[in-house]
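The chain contents come next:
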Amino acid sequence: MYLHNLLSKFVKRFKEFGLVCLVFSLISCSGSKVELLDVASQEAANEIVLLLGNNNVDADTQLQKGGRVIILVDKSNQNKALNLLSANGMPRTSYSSLGEVFKKDSFISSPLEEHSRFLYALDQEIANMLSLINGVVEVKTIVNIPAPNDNLWQTTAPLPTASVLIKYRQGERIDLYVNRIKTLVSNAVPGLSPDRVEVVMLLQKDN
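Residues numbered from 1 in each chain as written. Predicted model: local features only at pLDDT ≥ 70, side-chain atom pairs only at ≥ 80, totals over all residues. Heavy atoms only, no water.

Draft legend 1. Layout of the sheet that holds strand E6 (residues 197–203). Strand order across the open sheet formed by three strands is E4-E5-E6, with mixed pairing between neighbours. Either end of the sheet is taken by a strand with one partner, and the two such strands are strand E4 (136–144) and E6. The mean angle between the axes of side-by-side strands here comes to 10°, regardless of whether they run parallel or antiparallel. Sheet topology places E4 next to strand E5 (residues 161–168); eight bridges connect them, and they run antiparallel. Following the sheet pairing, Val143 is matched in E5 by Ala162. Relative to the sheet, helix H5 (residues 111–130) contacts E4 and E5, its axis offset from that of E4 by approximately 150°. Its contacts with the sheet place helix H6 (residues 178–188) against E5 and E6, and it is angled at close to 130° to E6. (Pairing = 2+ DSSP bridges. Helix = DSSP H or I, 4+ residues; strand = E, 2+ residues; numbered from the N terminus. Axes fitted to C-alpha atoms, helices over the stretch in contact; angles between N-to-C directions. Contact = heavy atoms within 4.5 Å.)

Okay, here's the thing in structure tokens:
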């Protein structure tokens, strides 16, 4: 009789222990974190975490060697988080500055190479400036300034031009800023007039 009671208590405790383990296992599985993406800085990570938090998606960060940051979310929220990032153009494009493009090195560049680097730097600076407009998701720019030449038979110098492609969020009225955008771009490029700046705007479609 004593042995039977002892065995019954053992079985009961074992079942209780198994139930507790099952509960913890379910909690662990439901809250398991997966890597969403890694970004170059804590500032970029904070911006993404804030966006996700404002849309009821909990996210954690892990600092890696070299300063990069991994963003983690619940597996059940992974697709929602990716859609939010896509709709808001995150992580944001990293643009090079004039100082970075023209940093000093030991190589001597030709005039054509220097001109190409100057155009690229202008593209980066202008795109970075336009990306700061509220509602802008992505910006692509192409600035064309004809390289100087010594052609004595060319009576009229080719004029510079610029093309701007802007992708924007739904609900934003970026089209109201077209003329201002043309003015901003023309003021950033030597010899460029607003009427030679082409601006195309595309609505970012939700996934």
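Draft legend 2. The pattern of salt bridges, seen in detail. Here the structure, examined in full by the defined rule, presents seven salt bridges. When the shortest N-O distance is used, the salt bridge between Glu172 and Arg169 registers 3.9 Å. Relative accessible area serves as the criterion here: at 29%, Glu172 is assigned to the partly exposed category. One network of salt bridges, with partners in common, ties together Lys33, Asp58, Asp60 and Asp74. (Salt bridge = Lys/Arg side-chain N within 4 Å of Asp/Glu carboxyl O. Buried < 20%, exposed > 50% of the residue type's maximum accessible area, 1.4 Å probe, protein only.)

Draft legend 3. The sheet that holds strand E2 (residues 59–63), seen in detail. In space, the three strands of this open sheet follow the order E1-E3-E2, with antiparallel pairing throughout. Edge positions in the open sheet fall to strand E1 (33–39) and E2, since each of these has one partner strand only. The mean inter-strand angle of the sheet, taken between neighbouring strand axes irrespective of direction, is 30°. Examined bridge by bridge, E1 and strand E3 (residues 69–74) share six bridges and lie antiparallel to one another. Residue pairing for E3: Val34 is matched across the bridge by Val73. Where helix H3 (residues 78–87) meets the sheet, its contacts fall on E1 and E3, and the angle it forms with E1 comes to roughly 20°.

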